[in-house]
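Summary of the model geometry
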Amino acid sequence: MTFPFSPGSLLQNNWRSVLSLTVMAVLFCASTLKAQEPDSKKADDKKEKSRQAVESLLPKPVVVVNVASVERVLQDIDFIFELGERPEIAEIASASLANVNDLEGLDKNRNLGMELYLKTGLLPQPVFIPYFPVAKISDFLETFQALLPGMMNAEERLPREKDLYVIDAGNSAFYFRVEEKYAHQLHLRGGAETDLELFETHRFKDPAQQYQSLTAQYEVAVHLDLSSIPELMRTTFLGFFRTAIETQLQQRDGESQAAYELRKMSGKQNLENIEYFLNEGQQLTVGAHLDQEQKLGIVDMLIKARPNSDLARSMKNMPGQASYFSVVTARETLPLAASISTIMARRDRKTYLKYLTFFEKQLGEKLLSEEERLQQTNSVQQFFAPVKSQVDKGHLDAFVQLVSTPSKKFALIGGIKVAPSSNLPAALLDLINRIEKQSDNKARIFTNAETVQGIALHQLQPDTKSADDRQRRFLGGVPSLYVGADSEVIWFAMGTEIAVAALNEAIEQIHTATPEERKIQRTAPFQFEFHLKPWLQLFSEEEINASDNMRVLDGVFDSKNDLVLITTQPTETGIRSRFLFEEGYLKLLGVSIAKRFDQNQERRSRRNRDRERKRDDRPQPKP
């Protein structure tokens, strides 16, 4: 999980920043409270302005940042430091609440956060409205002022309106409206009276009910609601966005035609993907949750599609058929592994076919004569035909794994399923031979260098005589790329000769699997997993002890708590990508913050000792 703040800075301020992240991320400096009531002489004008203001603000927020509650966040902080075996730091955090008025006036058991509204018009204009659960408004405003004292300029004002409060801050002001036991806040700089009218007249919904689902599932969540944006506003925004992107897709000076075509194709695809999501998507949610019982950190990214849309149908059909590689993708505790077995949407098939056609053309122009390119049986065409046929069918099936060998070195292996073709092995061999004859070829190529399970592997070795330190440590020497094919799979491996043995083992496991073993489908349509402990085993005990960071990692992680797992699979209304972190990463967070806290404390103590020493060294006045 990545957070937009430094753990060290949190502790450096005695945890005041922790609370500002969760409670007061949107509370800024303030000074004096003033309750106000409406001016009776302007009542009629105010009603007309109110009507116009409501019409000028979209009824629903486009973006919401929701925090479950102060209490849940503090519980998670306690849990993190318990795992890090430093519970006393959590006690320091609790004690430091006295610096912010002990959060008096704030209901610590209800959700808080911020909403982003848009004004109506062709170009979206944002209005940020934080919301806070209030137990007692007067105490809450005192807490607000205690956050950053000394920056507020107190100033008396006449009463304005019931349940509307204002705190002056020099050339700006903070307005608070209380509804349903929630204080909604608007920060105005200068004389933006129009925004104040919008704020005064808008009917805010109860955040406790409105974001009940987010609060129940996640400690912190960011929610984007595309359905709240009017069609005209979205279309206008896309028009400006498309123009800006297309301007960047002009051919650059000195850019080759092939590079330009590839960049243009990629840019147009990115633009189409954004437009597709904005038109077909309904909601996007990113939420973080700490499961204390299972000792897991979870980050979810959920996309909800518009009902009956093309995106909804594509997501529903995504799982598709079983993976050809299911036997080996079910293996556990690998340093790194990724697999995909999914049915592609029709629009994605067309995109991938365009890329394949582009690369087929470029490779043909480089390796074949003009006469050979006109033949439908040339090796480039025979190599790409089964790949394109598989994409056209829509089933994308592939895997890649970083395998730890008995020698504690790594080897990268993988495979890509293609449509059956008896011509594929011979076509690949011909391409390798043609690449070897190219004048700009800098690799040493050995055709039929190895054989695994009856499959010929061709070796491409870089023109390097000795391995560097990283290559020796991770791969055991200078790595080679091995590539081969049978009638329905393109296989590859990278590493030393141990990579060939690892690939042979994987292919044998697939070929000899029983029907019952092939039914095992542990993986989601897309899955990525990472284990940290095998990486640490590449280093000697002396190397680990020589580094503070390595010692921390070695002490925190073992083979049962080092997994990062990313899965993508459909839900009832869309698709969910989940990032799961096992206990070791939560413990590492607690240990790292505690270590930074100790360093800051030591630095502060050193500065105090230096000041005392300088004071003692000053000459004393003569009596």
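Residues numbered from 1 in each chain as written. Predicted model: local features only at pLDDT ≥ 70, side-chain atom pairs only at ≥ 80, totals over all residues. Heavy atoms only, no water.

**With respect to the overall build of the protein chain**
Helices and strands together make up the secondary structure of the protein chain, namely 24 helices and 20 strands. Relative to its 623 residues, the protein chain shows a buried fraction of 45%. Sequence separation of at least 24 residues holds for 70% of the intrachain contacts in the protein chain that already meet a minimum separation of 6. For the protein chain, the accessible surface area stands at approximately 33000 Å², while carbon and sulfur atoms represent 52% of it. (Helix = DSSP H or I, 4+ residues; strand = E, 2+ residues; numbered from the N terminus. Buried < 20%, exposed > 50% of the residue type's maximum accessible area, 1.4 Å probe, protein only. Contact = heavy atoms within 4.5 Å. Areas by Shrake-Rupley, 256 points an atom, 1.4 Å probe, with all protein chains shown as cover.)

**A closer look at the layout of surface pockets**
By volume, the second largest pocket amounts to about 800 Å³. Around the second largest pocket sit 24 residues that line it, and L311, M318, R347, D348 and I575 are the ones nearest its centre. Within the residue set of the lining of the second largest pocket, elements represented by two or more residues are α11 (257–280), β10 (296–305), α12 (310–316), β11 (336–343), α14 (346–367) and β20 (574–581). Ranked by the residues each element gives to the lining of the second largest pocket, the list is headed by α11, at four residues. (1 Å grid on protein atoms, 1.4 Å probe; cavity = no way out; pocket = protein on both sides within 12 Å on 5 of 7 lines; lining within 4 Å. Points joined across faces, edges and corners; volume = space filled by probe spheres on them.)

**Here's the deal with the pattern of salt bridges**
Once their charged atoms are close, side chains differing in charge can pair, the charge on each being opposite to the other. One pass over the structure, following the stated rule, counts 24 salt bridges. The partner of R242 in a salt bridge is E275, with the nearest N and O atoms 2.6 Å apart. Taken as a pair, R242 in helix α10 (residues 231–248) and E275 in helix α11 lie far apart in primary sequence, 33 residues in all. Owing to a relative accessible area of 32%, R242 belongs among the partly exposed residues under this scheme. A salt bridge links E488 to K417; the shortest N-O distance between them is 3.4 Å. In this pair, E488 is assigned in the loop between β16 (480–485) and β17 (489–495) and K417 in strand β13 (residues 410–417), connecting sequence segments 71 residues apart. (Salt bridge = Lys/Arg side-chain N within 4 Å of Asp/Glu carboxyl O.)

**Some remarks on the packing of aromatic side chains**
A complete count under the given rule lists 19 aromatic pairs for this structure. Ring centres 5.5 Å apart and planes at 40 degrees place the aromatic pair F132 and F140 in the tilted group. Assigned by exposure class, F132 and F140 land together as buried. With a centroid separation of 4.9 Å and 80 degrees between ring planes, the pair formed by F410 and W535 is classed as edge-to-face. Placement of the pair is F410 in strand β13 and W535 in helix α21 (residues 533–536), with a sequence separation of 125 residues. By relative accessible area, which is 1% here, F410 ends up buried. Owing to a relative accessible area of 22%, W535 belongs among the partly exposed residues under this scheme. One aromatic cluster in this structure is built from F132, F140, F144, F174 and F176. Looking at R347, its charged tip hangs above the ring of Y276, at a distance of 3.9 Å from the centre. (Phe/Tyr/Trp six-rings, centres within 6.5 Å; stacked < 30°, edge-to-face > 60°. Lys NZ or Arg CZ within 6 Å of the ring centre and 35° of its normal.)

**Structural notes on a positive patch on the surface**
On the surface, R596, R603, R607, R611 and R615 cluster together into a positively charged patch. Residue placement: R603 occurs in helix α24 (residues 583–617). (Patch = residues over 30% accessible without salt bridge, like charges linked within 9 Å, V, L, I, M, F, W, Y side chains within 5 Å. Lys, Arg positive; Asp, Glu negative; His and termini not counted. Charge placed at Lys NZ, Arg CZ, Asp CG, Glu CD.)

**As for the environment of V134**
Mapped onto the fold, V134 is located in the loop between β4 (125–133) and α6 (137–147). Of the residues examined, V134 reaches a relative accessible area of 8% and is grouped as buried. Ignoring sequence-local partners within four residues, the contact set of V134 consists of G105, R110, F140, K181, Y182 and A183.

**Here's the deal with the nonpolar core**
Counting residues in hydrophobic clusters, the biggest one holds 29 residues, and the most contacted among them are V70, F81, I137, F140, L141 and F176. At the level of secondary structure, the elements contributing two or more residues to this core comprise α4 (70–83), α5 (87–95), α6, β5 (161–169), β6 (172–179) and α24. By size, the runner-up hydrophobic cluster in this structure holds 21 residues, among which are Y324, A493, V500 and I510. (Core = buried A, V, L, I, M, F, W, Y, C linked by side-chain atoms within 4.5 Å.)

**Observations concerning the packing of α4 against α24**
In contact at an axis separation of 7 Å, α4 and α24 are set at 90 degrees when each is read in the N-to-C sense. The orientation of α4 with respect to α24, classified from their angle, is roughly perpendicular. Contact residues: α4 offers F79, I80, F81 and L83, while α24 offers E583, L586, K587, L589, G590, I593 and A594. Among the residues making up the contact of α4 with α24, the classes are represented as eight nonpolar, one polar and two charged. (Axes fitted to C-alpha atoms, helices over the stretch in contact; angles between N-to-C directions. Parallel < 35°, antiparallel > 145°, perpendicular 65-115°, else oblique. Nonpolar A, V, L, I, M, F, W, Y, C, P; charged D, E, K, R; others polar.)

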